[in-house]
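Per-entry structural report
Listed below are the residues making up each chain.
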Amino acid sequence: MRHPRPRSRRSLARAATAAVLGAAVLAGPTDAMAAPSRWEPAARTWSVPTVLLEDATSSRDRDRLEDALMVRINDARAALGLRKIWNFDVCTDELAEQWGTRIARTGVFAHRDQGEVIRRCRHAWAGETLVRGTALTPDEMVRLWLDSPDHRAILLNPDARRAGVAITEDAQGRVVGVVNLVRHR
């Protein structure tokens, strides 16, 4: 299991790849949940590795996986003419990491009160998507979220400007993903 690590606010334009996760309970080996919670067009094309959590052996690998997820979310947003989300928000990212670790530790797959994210990080709006399953890739996570109306509404919300992302693993070997999208005041 991965311990939370704060990530400095960083631009995705400087990252090699980008990442995020989704909403509502789905049947099968994957669970996904959403609670009501964009990245600008990139000047270059990002290459997104097909990386699985079990292949991520370092913190840097996990960051690349989270970045790849954000790239896929931005691809979905751009396809509909929405702004891409360029920056991770430090406070929001720390809360996403803490929440992902909590879900992995306790097994309780539930959303955090988004009012807490708004208050603690001084945002005007926040939304969250969750996913849990085995052998999930960033493409699969985003597909699951976009197939769920509630999750789709969060990922494609035009108010979203920054993100916090966490991908971890629980004791059963399942991937747990948390994506918080926010708009700062």
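Up top is the structure these notes are about.
All of these numbers come straight from a predicted model, not from anything done at the bench.

What counts as what
- Residues numbered from 1 in each chain as written.
- Predicted model: local features only at pLDDT ≥ 70, side-chain atom pairs only at ≥ 80, totals over all residues.
- Heavy atoms only, no water.
- Buried < 20%, exposed > 50% of the residue type's maximum accessible area, 1.4 Å probe, protein only.
- Helix = DSSP H or I, 4+ residues; strand = E, 2+ residues; numbered from the N terminus.
- Arc of directions from axis to C-beta.
- Pairing = 2+ DSSP bridges.
- Expected span 1.5 Å × (residues − 1).
- Contact = heavy atoms within 4.5 Å.
- Core = buried A, V, L, I, M, F, W, Y, C linked by side-chain atoms within 4.5 Å.
- Axes fitted to C-alpha atoms, helices over the stretch in contact; angles between N-to-C directions.
- Parallel < 35°, antiparallel > 145°, perpendicular 65-115°, else oblique.
- Left-handed = near helix turned anticlockwise from the far one by under 90°.

By the burial criterion, the buried members of helix α4 (residues 138-146) are P138, M141, V142, L144 and W145. In an axial view of α4, the angular spread of the buried residues amounts to 160°, which keeps them on one side of the axis.

Taking burial as the measure, the eleven residues of strand β3 (residues 123-133) include ten buried ones, the bulk of the element. In terms of strand pairing, β3 meets strand β5 (residues 175-184) through ten bridges, oriented antiparallel. Bridged to H123 within β5 is H184.

A word on helix α2 (residues 90-106). Residue pairs spaced three or four apart in an α-helix point in one direction, given the helix's 3.6 residues per turn. The end-to-end C-alpha separation of α2 is 24 Å, in line with the 24 Å expected for 17 residues at 1.5 Å each. Residues of α2 that are buried: T92, D93, L95, A96, E97, W99, G100, T101, I103 and A104. As for α2, its buried residues are in contact with α1 (59-79), β2 (87-88), α3 (114-121), β3, β4 (162-169) and β5.

This part covers the nonpolar core. With 22 residues, the main nonpolar core has L69, I73, M141, W145 and L181 as its most contacted residues. With nine residues, the next largest nonpolar core counts A104, F109, L130 and A166 among its residues.

Remark: α1 packs on α4, axes separated minimally by 9 Å, with the N-to-C direction vectors making an angle of 45°. With respect to α4, the element α1 is oriented oblique. Where α1 crosses over α4, the two elements pack in a sense that is right-handed. Contacts between α1 and α4 involve L65, A68, L69, R72, I73 and A76 on the former and, on the latter, P138, D139, M141, V142, W145 and L146.

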